[in-house]
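Structure assessment
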Amino acid sequence: MLKKLFIALAAIVLCSQLNAQDLKSGPYQLPYKNTYVKNVFVAENPYRTAVPEPVQPKSYEEAKKILPSPVWEGHQQEIDMYWHAWKIAIGNICHPQEGSGFTSSYLDVAYNGNIFMWDTCFMMLFARYGYQYFPFQKSLDNFYAKQHPDGFICREIRADGSDCFERYDPTSTGPNLLPWVELEYFRQFGDIDRLHRIFPALCGYAKWWKLNRTWQNGTYWSSGWGTGMDNMPRVGEDYNQIYSHGHMVWLDTNLQQILVNESLLQIGFYIERWQEIEDMEDEIKHLSKYVNEQLWSDETNFLHDQYADGTLCPTKGISAFWALQVDALEKDRLDKIVAHLDNEAEFDRPQRVPSLSADHKKYNPKGRYWQGGVWPGATYMVIDGLYNKDYRQKAYEVASDHYNAVFQVWKDTGTFWEYYSPEAVEPGFMARKDFVGWAGLPPIAVFIEYILGIQSNYADGKIEWTVNQLEAHGIDRYPFGPEGTVDLKVAKRANAAARPVITVKTEQPFDLVVNWGGGQTKTIRVEKSGDYRL
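Residues numbered from 1 in each chain as written. Predicted model: local features only at pLDDT ≥ 70, side-chain atom pairs only at ≥ 80, totals over all residues. Heavy atoms only, no water.

What you see with strand 12 (residues 501-506) is a clean split: Ile 502, Val 504 and Thr 506 sit on the buried side and Val 501, Thr 503 and Lys 505 on the side with no burial. Two strands pair when backbone bridges link them, and strand 11 (residues 485-490) and strand 12 are joined in this way by five bridges, in the antiparallel orientation. Paired with Val 486 across the two strands is Thr 506, which belongs to strand 12. Of the strand pairs in this sheet, strand 12 and strand 15 (residues 530-533) are connected by four bridges, and their pairing is antiparallel. Bridge pairing in strand 15 links Val 504 to Gly 530. (Buried < 20%, exposed > 50% of the residue type's maximum accessible area, 1.4 Å probe, protein only. Helix = DSSP H or I, 4+ residues; strand = E, 2+ residues; numbered from the N terminus. Pairing = 2+ DSSP bridges.)

Given below as structure tokens:
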């Protein structure tokens, strides 16, 4: 009897020990002990306890009555391509699986059924134009909902809500573009309530990176998968280029962390919480100094990764152009970086911008993924950076090159591709088709922002129109602000120097900045609908 009692008591003690160890910890069902050190920002994250709110999208036919509607005299095929991209995207809207922990319906990346942080961030840069049709931006909410107690967010999550990687795996997360993309969304729509909701999750994730992805000198590391540029030849030959951190200082990861900090500080100013993250200002200074002093080569006039012995990786990749998104380099060095886009031996190939410089021995004329492939997301980053750093003519040139190549491939194949060849106007090697996905960027975002030339900042009350085309063109239902839309049309012109005549239909006032003719500009205060002569 005593023996049976002892066995029963031992079983109870053993069960209690197992429970204390939390071998299946919380909603993450971890097959190991719970070692989380909780992050104070994560405790504020409202998405972790949110109830799922699936949204059923309206039909494509109804979408065409709600989405922005471009017009361009004599260019119906370009308009058709725009609408085809939206049609594929709408077909890729998915809903949370029961028990997944996802909170929102979302735009799928058109890859393998999982959600990817890198892809989704770039997708939001075109999907934001469809906000009044469907709340695409909430696709990011599912990542916030799956944030771990210490701030970690996995870069790839299955549809059932399970992470694809353990958090300390070198390939488990990144790139962190979330604050950048959220700030872009705010600028166009002015959704201050969203900034309040997302701020804790974004800060918690940034803090996780600083605690878990830095070397002793405060610089950041990643991996091929962690940077999103899987097989780009970067790490030393003893390391795996996809899975290993290579004991290397990763250039793009450090530039992106500067961008994270700059974006979060701006968000903090908008919602009056910047004092809580003041230390990010110090990190911006430290990383900017390191990039300039350690990652710049006077021999190549370019930025590079750094090996453990302090030497620079010789690879020249599209990763260096993240410098256009931050304030780390002085103008003379930015000029030198931009000059590489006009070097035919490097990045000025038949399709721009190749992910790997053409003078690298691993460069592949068919792309072979990140060994030269032209990727819509990365190319958009370059174009956007050029524009914001005031290399606007170069931005338009690269945007036109990229758009025209995608347009020709669309006419030839009838669809959009995951990535494109750098040496021929064709899809990249083994690229996936119908990829909208980030391939929606050229036919939608690049088309609106650079071909038609219309960009906006609702937070500043401004729409800027760079009139590049001579034919009559414009857009109806351009989204501006939380609920508003604006119709913008410009009449046909005889030549580029001719002053544009613009017709505006609006229910809200704004400043309209018009650029034309290679340097001419004028700002008009638009108070009501009407015709405006410059």
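A few words now on unusual backbone geometry. The residue after Gly 174, namely Pro 175, is reached through a cis peptide bond having omega -10°. Along the chain, Pro 175 falls in the loop between strand 5 (156-157) and helix 6 (178-189). We note that Glu 272 has phi near 60°; this positive angle belongs to a residue other than glycine. Counting through the fold element by element, Glu 272 comes out in the loop between helix 9 (251-271) and helix 10 (279-294). Since its relative accessible area comes to 66%, Glu 272 is described here as exposed. One non-glycine residue, Met 430, lies in the positive phi region at around 60°. For Met 430, the position within the fold is in the loop between helix 13 (392-413) and helix 14 (441-451).

Mapped onto the elements of the fold, Glu 184 is located in helix 6. The exposure class of Glu 184 is buried, given its relative accessible area of 12%. Discounting chain neighbours no more than four positions away, the residues touching Glu 184 are Leu 125 and Arg 128. (Contact = heavy atoms within 4.5 Å.)

This part takes up the layout of surface pockets. Empty space among the atoms can be located by rolling a probe the size of a water molecule over them. Each pocket or cavity is described by its volume, and for the largest pocket that value is around 680 Å³. Around the largest pocket, the lining comprises 30 residues; the ones closest to its centre are Glu 184, Arg 187, Asp 384, Asn 388 and Asn 457. If you list the elements that add at least two residues to the lining of the largest pocket, you get helix 6, helix 9, helix 12 (376-388), strand 8 (454-457) and strand 9 (462-466). Class assignment for the residues of the lining of the largest pocket results in 10 nonpolar, eight polar and 12 charged. The calculated volume of the second largest pocket comes to roughly 460 Å³. Gln 393, Thr 466, Asn 468, Asn 515 and Gly 518 are the residues nearest the centre of the second largest pocket, which is lined by 24 residues in total. Of all the secondary structure elements, the ones that give two or more residues to the lining of the second largest pocket are helix 13, helix 14, strand 9, strand 13 (510-516) and strand 14 (520-526). (1 Å grid on protein atoms, 1.4 Å probe; cavity = no way out; pocket = protein on both sides within 12 Å on 5 of 7 lines; lining within 4 Å. Points joined across faces, edges and corners; volume = space filled by probe spheres on them. Nonpolar A, V, L, I, M, F, W, Y, C, P; charged D, E, K, R; others polar.)

So, about the nonpolar core. Counting residues in hydrophobic clusters, the biggest one holds 161 residues, and the most contacted among them are Phe 122, Phe 126, Leu 264, Leu 303, Phe 321 and Phe 416. Ranked by residues supplied to this core, first place goes to helix 7 (residues 192-212) with 10 residues. If we ignore the near neighbours within four places in the chain, the residues touching Leu 264 are Pro 179, Phe 199, Leu 202, Cys 203, Ala 206, Ile 277 and Met 280. (Core = buried A, V, L, I, M, F, W, Y, C linked by side-chain atoms within 4.5 Å.)

Turning our attention to the sheet that holds strand 14. Strand order across the open sheet formed by four strands is 8-9-13-14, with mixed pairing between neighbours. Bordering the open sheet on either side are strand 8 and strand 14, each of which pairs with just one other strand. Within this sheet the neighbouring strands show an average axis-to-axis angle of 20°, counted without direction. Bridging between strand 13 and strand 14 involves seven bridges; their strand directions are antiparallel. (Axes fitted to C-alpha atoms, helices over the stretch in contact; angles between N-to-C directions.)

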